[in-house]
Amino acid sequence: MTEQERHEETARANGHEHITGAEALLKCLIAEGVDTIFGYPGGAIMPVYDKLLDYVDKLRHILTRHEQGAAHAAQAYAMVTGKPGICFTTSGPGATNLVTGIANAYLDSVPVIFITAQVVSGLIGTDAFQETDILGVSMPVTKWNCQVKRSQELPDAVAKAFYIATTGRPGPVLIDITKDAQIEKLYFKYKQCNYLRSYNPHIPLNTRAIESASIMINHAERPLILAGHGILISGAVNELREFAEKTGIPVAVTLLGLSCFPTGHRLYTGFLGMHGNYGPNLLTNEADLIIAIGMRFDDRVTGNLKKYAKKARIIHIEIDEAEINKNVQVDLEIHNDAREVLQHLIPLVKQKSYESWIREFRICDKTEYEKVIKQETRPESGDIRMGEVVREVSELTGGKAIIVTDVGQNQMSAARYFKFTEPYTLVTSGGMGTMGFGLPASVGAKTGKPEKQVVAFIGDGGFQMTIQELGTILHYNIPVKLIILNNGFLGMVRQWQDMFFKKRYASTELVNPDFVTVAQGFRIPAKKVEKREDLKGSLAGMLEAEGPYLLEISVEKEGNVLPMVEPGASVSEVTLNYKS
Amino acid sequence: MKQEFTISLFSENHIGILNQITIILTRRQINIESITASESAVKGVHLLTLVVKTTPDMVRKIARQMEKLVEVLKVFVHTSDEIIYQEIALYKVTTKGLMSGNVIDHIVRTHYARILEVSPEYIVIEKTGHKTEITELLAQLEPYGLLQFVRSGRVAITRQVKELVSYLRELDEAHRVKPEEVETYNRN
Ligand SMILES: Cc1ncc(C[n+]2csc(CCOP(=O)(O)OP(=O)(O)O)c2C)c(N)n1
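Peer 1: Break down the overall build of chain B for me, with residues and values.
Peer 2: Helix and strand counts for chain B stand at six helices and nine strands. Taking the contacts inside chain B whose residues are at least 6 apart along the sequence as the reference set, 75% of them involve residues at least 24 apart. If you sum the accessible surface of chain B, you get close to 10600 Å²; carbon and sulfur atoms cover 54% of it.

Spelled out as C-alpha cells, the structure:
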C-alpha cells in the first residue's frame, strides 16, 4: 500500500467526507465563521462557484462589477466587522484586477483572504490562457501567499491563511488554487491553525519596558498620546480611554486612528498629519513625551523628519517590530500588542492632569476655528463647502453613522469635520490613498453592518473610477447613502497645482456626466443640490430614504483644504491661511 | 558609514522565500555582494547567507523586515569580525603555461590552494579563503593563460554560542505554555 492509499484508508475509516477541493474550500470558510464573500467568477474558478449554489443558505456571495470593487468591499467589511474579508476571483485578469485592492489592504493592515483560481497545474509556466503568476505579482503586497495544486493541501492552506491574516499585525493573504485542485476529491478534515514556528505573533510582554514607560509618563510635563489604527485593531478602545483619563494626557489620532477616541472628549485634540488639526500638529513639537500607540510615523503624519518632535522623548508601542525605529528614532520601544500593554500600563501610571498644557491645545483650536473651520463649516455666502456638508451629516446622524470616504479633498474634509463618537466608524484608504475606494467600500461596510447608517463622501473624480459598483448596489439593493461632492475638478491635485505649481491646472478639470441621470440609470434614487437652502433638507431626505440614495452636491470649485503641513515642512510650520 | 554585513537567514523551505528577500533589498536599492543558499544543519530549515554593503542603521531595518516574513525563522546580522567565513574559487589554467619549471607547485603552495585535476590542456586549481586572497591568486595565475574562473558566495559561521536550534526550542516552548492565548483580530 502506498502512503497515499494508507492515508485515504484511515480517512475513510474515520468517516471523513470525500468531497471536491471546491467544496472543501467552502467548508473551510464556514468552519472559520465566514458568511459573506465578495467576488467575480471566471473560467478557472467555476468549480468553486458551482458549489456555492449548494451552500447559499450558509454563504452569501456578493457579485461586484469589477474585481477591484470586490477587494475594496471585502476590506471595508473587515474594517467594520473585525472579521476577515473574503474575496474570490478567477485567474489571469481576474487576479491582476485585484492588485490595487490587495495593496490597499496591505498598507492599512486589514485582514482579507484573497482566493484566486489558477489554470490547471500541468499548464502552469506555459503562458496558458489566463495564466498569470499572481504569486509573484502579489508577493510584495501580501502578508503571505501560497499556491495549492493538490486538493488535500487545501484545508491546511486555508487554516494557515486565516491564522496569518488575523493575528499579529493583520494583513491580506492570498491562496492561488489550480483548477484541477478544485475538482480533485479529498477526504475532508479541517483543523484551525494556531501555531507556526516561523511566525510568532504573540510576543511575550516586555514588562520591564512597560515599567520604564510608566516612569517616563509619570514624570512628563507635556505628554501627548498619538493613537493609530493599532488601537482599533487590537481592540484597545476602552483601555486607551482609561489610560488617557487616568493620566490626563491629551490624545491625538492618525487618519486610520479616527473613531478610536470620541471626538467630543475633553482630552481629544484632533487628527494628525498633512491636513490634520492645528493643535496636535503644532504642539507635537512642544511635547516633552510622545506616547505613540499602534501607529507607524507615516510621512504624512510626521512631515519633515529632521524637525519632528525634537523636544520629546518617544515611547513607541507597536506590534510590528519592523516599524520601530524605521522612520523616527525612539527612546523606548515596546514591541507588543497595544491592548495588552495598556492593560499593564494603566495600574502603573499616576492620576494626573495637565490643565495648562491642554489649554494650549484649546488656544490652537480657537485659532483654527477662527481661521479655517468657521468659514468651512458655517459659511454664510458663496458656494456650498465640503466642510459644511460633512458638518450637517455629522449633526443629522449624531456622529453615529459609519463614514466611508474616497480619496482627496472629500476624504480630508470628512476626516476633519465628522464628529466620530463610536469606534470602527471610519472606512478610508490611508496608506495607499486609492481613488475609487469609496463606492465599493460602502458596499462592503453596509453588508457588514446592515443595522448602521452608512454614508459615503466621494469626489466626482474618484466616483468615476469604480462607478460600475452602482450596479452592485442595484443588484443587492444595498441601502448606502452616497454623497458626491462635485467640484468639477480632481480637487486635491488642483489644490497642489494652485499652491505649488503656479495655478497651472494641468489635466485636473473634469467634464462630468450628469451623475443624477447616471444613478437613475442604475435605478438608484438621486437628487442634485446646488443651493445652500436645499442642503440640510436634501441630506435629511437622503438619510431617511429606505433604500440606496445618491446626492450630488455642487461644491465650491476651487476650495482648498486647510490647514496644511506643506511637503517638506515641519509639523509646526502649519499653513492656516492660503490666498492664491 | 557603509560597511560589510553578513546576514544569515534561517527559513522554512518555502517556494518564493528568496524572491521575498530580494524584494526587500531591491526596494532599498541595496546590492547583494554575494549569496549562498542551502539546507542548514536543522532538517527542513534553509539557510541563506547574504553579504551586503550598507549602513548599520539600514541593515537593522532590513533584518527586521526579513524577520517579519512569515516563513522566516530567524535572522542574524554580523560584521565581518564577528564571523568566520570562507569562499571557494576554482581556476582553470592552460597546462602549457604552468608546467614550465616549478611555477605551479610554488603558486599552489604559497597560496594554500590545491590541484583538482590535470589534463594535457588544462589544470584546475581550487582555493578557499577570503575574497582578497582569492583575488590575489587570480592575479598570479592570469599571466599563465587563465581559461576559466568561478567563485562561490560566502559561507559563514558565527563566533557566538547561541545557535538556531536553541531559538527553535524557545519558540516551541513559548507556544506550549500559551496555546489558548493566541490573539485574533476578532472582537465580536
Ligand atoms: C488611483 C489614484 N489615482 C490618482 C491619485 C492621485 N490623486 C489624489 S487625490 C486626487 C484628486 C481626487 O479628485 P476627486 O475624486 O474629484 O476628489 P476631490 O479631491 O475633488 O474631493 C488624485 C487624482 C490617487 N490618489 N489614486
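Once the structure has been displayed, the description carries forward.
Peer 1: Tell me about the packing of aromatic side chains, and name the residues and values.
Peer 2: Tallied over the entire structure, the rule returns twelve aromatic pairs over all chains. Measuring from ring centre to ring centre gives 4.9 Å for Trp357(A) and Phe361(A), while their planes differ by 75 degrees; the resulting arrangement is edge-to-face. With a gap of four residues between them, Trp357(A) and Phe361(A) both fall in helix H16 (residues 355-377), about one helical turn apart. Note on accessibility: Trp357(A) and Phe361(A) belong to one class, buried. With a centroid separation of 5.4 Å and 80 degrees between ring planes, the pair formed by Trp496(A) and Phe500(A) is classed as edge-to-face. With Trp496(A) and Phe500(A) both in helix H22 (residues 491-500) and four residues apart, the pair spans about one turn of that helix. The exposure class assigned to Phe500(A) is partly exposed, which follows from its relative accessible area of 28%. Sitting over the face of the ring of Phe489(A), Arg494(A) holds its NZ or CZ atom 5.7 Å from the ring centroid. The cationic tip of Lys92(B) hangs over the ring face of Tyr122(B); the distance from NZ or CZ to the ring centre is 4.9 Å.

Peer 1: I'd like a description of the packing of helix H17 (residues 386-397) of chain A against helix H18 (residues 409-417) of chain A, backed by residues and values.
Peer 2: Residue and element names in this part refer to chain A. Between H17 and H18, whose axes approach to 9 Å, the crossing angle comes to 45 degrees. It follows that H17 is oblique to H18 by the angle criterion. Crossing of H17 against H18: the hand is right-handed. In this structure, H17 uses Met 386, Gly 387, Val 390, Arg 391 and Ser 394 to contact H18, whose residues at the interface are Gln 409, Asn 410, Ser 413, Ala 414 and Tyr 417. Considered class by class, the residues forming the contact of H17 with H18 number four nonpolar, five polar and one charged.

Peer 1: How would you sum up helix H24 (residues 532-544) of chain A? Please name residues and give values.
Peer 2: Residue and element names in this part refer to chain A. Helix length check: H24 (13 residues) gives 19 Å between terminal C-alpha atoms against 18 Å at 1.5 Å per residue, within 8%. Buried within H24 we find Leu 535, Ser 538, Leu 539, Met 542 and Leu 543. Against H17, strand E17 (454-459), strand E18 (481-486), strand E19 (526-529) and strand E20 (549-554) lie the buried residues of H24.

Peer 1: I'd like to hear about the domain arrangement of chain B, residue by residue, with values.
Peer 2: As far as domains go, chain B holds domain 1 (3-78) and domain 2 (84-151). Each of domain 1 of chain B and domain 2 of chain B has a C-alpha centre, and the two are 31 Å apart.

Peer 1: Which residues make up the pattern of salt bridges, and what values do they have?
Peer 2: On inspection of all chains with the given rule, the structure shows 41 salt bridges over all chains. With a closest N to O distance of 3.6 Å, Asp498(A) and Arg494(A) form a salt bridge. Of this pair, Asp498(A) and Arg494(A) both sit in helix H22, four residues apart, roughly one helical turn. No difference in accessibility class separates Asp498(A) from Arg494(A), as the two residues are buried. Through salt bridges with shared partners, one network takes in Arg169(A), Asp320(A), Glu323(A), Lys326(A) and Lys68(B).

Peer 1: Tell me about the sheet that holds strand E11 (residues 268-271) of chain A, and please be specific about residues and values.
Peer 2: Residue and element names in this part refer to chain A. Read across the sheet, six strands follow the order E11-E10-E9-E12-E13-E14 without closing on themselves; strand pairing throughout is parallel. Of all the strands in the sheet, just E11 and strand E14 (332-334) have a single pairing partner and so form its edges. Neighbour to neighbour, the strand axes of the sheet diverge by 20 degrees on average, direction disregarded. Sheet topology places strand E10 (residues 251-253) next to E11; three bridges connect them, and they run parallel. Paired with Val 251 across the two strands is Tyr 268, which belongs to E11. In the packing of helix H12 (residues 237-247) onto the sheet, contacts are made with strand E9 (223-227), E10 and strand E12 (289-293), and the angle to E9 comes to roughly 170 degrees.

Peer 1: So, the sheet that holds strand E2 (residues 32-39) of chain B: which residues are in play, and what are the values?
Peer 2: All names here are of chain B. With antiparallel pairing, four strands are arranged side by side in an open sheet as E2-E3-E1-E4. Of all the strands in the sheet, the pair left with one neighbour each is E2 and strand E4 (72-79). Put simply, the sheet's adjacent strands are angled 15 degrees from each other on average, direction ignored. Of the pairings in the sheet, the one linking strand E1 (residues 3-12) to E4 comprises seven bridges and is antiparallel in character. Counterpart to Thr 6 in the pairing with E4 is His 78. Of the strands in this sheet, E1, E2, strand E3 (45-54) and E4 touch helix H1 (residues 17-27), which is tilted by about 15 degrees from E3.

Peer 1: Report on the interface of chain B and chain A, specifying residues and quantitative values.
Peer 2: In this assembly, 34 residues from chain B lie in contact with 44 residues from chain A. Note on chain B versus chain A: buried area summed over both sides is about 3200 Å², and carbon and sulfur give 50% of it. Our count for the contact surface shared by chain B and chain A stands at five salt bridges. Arg64(B) is the salt-bridge partner of Glu333(A), the closest N and O atoms lying 3.2 Å from each other. Linking chain B to chain A there are eight residue pairs in polar contact (both at pLDDT 80 or more). Contributions of two or more residues to the side of chain B that touches chain A are made by H1, helix H2 (56-68), E4 and helix H6 (164-177) of chain B. Of the residues assigned to the side of chain B that touches chain A, the class counts are eleven nonpolar, ten polar and 13 charged.

Peer 1: Outline the site of the ligand, listing residues and values.
Peer 2: All names here are of chain A. Around the ligand, the structure places 18 residues, and the nearest of them are Gln 409, Asn 410, Gly 433, Gly 462 and Gly 491. Backbone polar atom of Gly 433 to a nitrogen atom of the ligand: 2.8 Å apart, as the coordinates give it. A distance of 2.9 Å separates an oxygen atom of the ligand from a polar backbone atom of Gly 461. Against a free-state accessible area of 580 Å², the protein chains account for coverage of 76% of the ligand. Of all the secondary-structure elements, those providing two or more residues to the shell around the ligand are H18, helix H20 (460-463) and H22. Across the shell around the ligand, the residue classes tally to eight nonpolar, nine polar and one charged.

Peer 1: So what about the nonpolar core? Which residues, and what values?
Peer 2: All names here are of chain A. One finds Ile 225, Ile 291, Ile 315, Phe 457, Ile 483 and Ile 553 to be the most contacted residues of the largest nonpolar core, which totals 104 residues. It is H16 that contributes the most residues to this core, six residues altogether. Both domains that meet at this core, namely domain 2 (207-360) and domain 3 (383-554), each give it at least three residues. Apart from the residues within four sequence positions on either side, Phe 457 is in contact with Val 389, Val 390, Val 393, Ile 403, Val 404, Thr 405, Asp 406, Asn 410, Ala 414, Ile 483 and Leu 485. If you look at the next biggest cluster of nonpolar residues, it comprises 49 residues, including Ala 70, Cys 87, Ala 103 and Ala 445.

Peer 1: So what's going on with the pairing of strand E2 (residues 36-40) of chain A? Which residues, and what values?
Peer 2: When a strand is regular, its side chains alternate between the sheet's two faces. Residue and element names in this part refer to chain A. With four of five residues buried, E2 is to be regarded as a mostly interior element. For the segment spanning E2, helix H3 (residues 46-52) and strand E3 (residues 60-63), crossover handedness is right-handed. When E2 meets strand E4 (residues 85-89), the two strands line up parallel, connected through three bridges. The residue of E4 that forms the bridge with Gly 39 is Phe 88.

The rules behind each value
- Residues numbered from 1 in each chain as written.
- Chains lettered and ligands numbered in written order.
- Predicted model: local features only at pLDDT ≥ 70, side-chain atom pairs only at ≥ 80, totals over all residues.
- Heavy atoms only, no water.
- Helix = DSSP H or I, 4+ residues; strand = E, 2+ residues; numbered from the N terminus.
- Contact = heavy atoms within 4.5 Å.
- Areas by Shrake-Rupley, 256 points an atom, 1.4 Å probe, with all protein chains shown as cover.
- Phe/Tyr/Trp six-rings, centres within 6.5 Å; stacked < 30°, edge-to-face > 60°.
- Buried < 20%, exposed > 50% of the residue type's maximum accessible area, 1.4 Å probe, protein only.
- Lys NZ or Arg CZ within 6 Å of the ring centre and 35° of its normal.
- Axes fitted to C-alpha atoms, helices over the stretch in contact; angles between N-to-C directions.
- Parallel < 35°, antiparallel > 145°, perpendicular 65-115°, else oblique.
- Left-handed = near helix turned anticlockwise from the far one by under 90°.
- Nonpolar A, V, L, I, M, F, W, Y, C, P; charged D, E, K, R; others polar.
- Expected span 1.5 Å × (residues − 1).
- Domains from an automatic or database assignment.
- Salt bridge = Lys/Arg side-chain N within 4 Å of Asp/Glu carboxyl O.
- Pairing = 2+ DSSP bridges.
- Buried area = accessible area lost by both parts, 1.4 Å probe.
- Polar contact = N/O pair within 3.5 Å; in protein donor to acceptor, adjacent residues only side chain to side chain.
- Near = heavy atom within 4 Å.
- Core = buried A, V, L, I, M, F, W, Y, C linked by side-chain atoms within 4.5 Å.
- Right-handed = clockwise from strand over helix to strand, strands pointing away.

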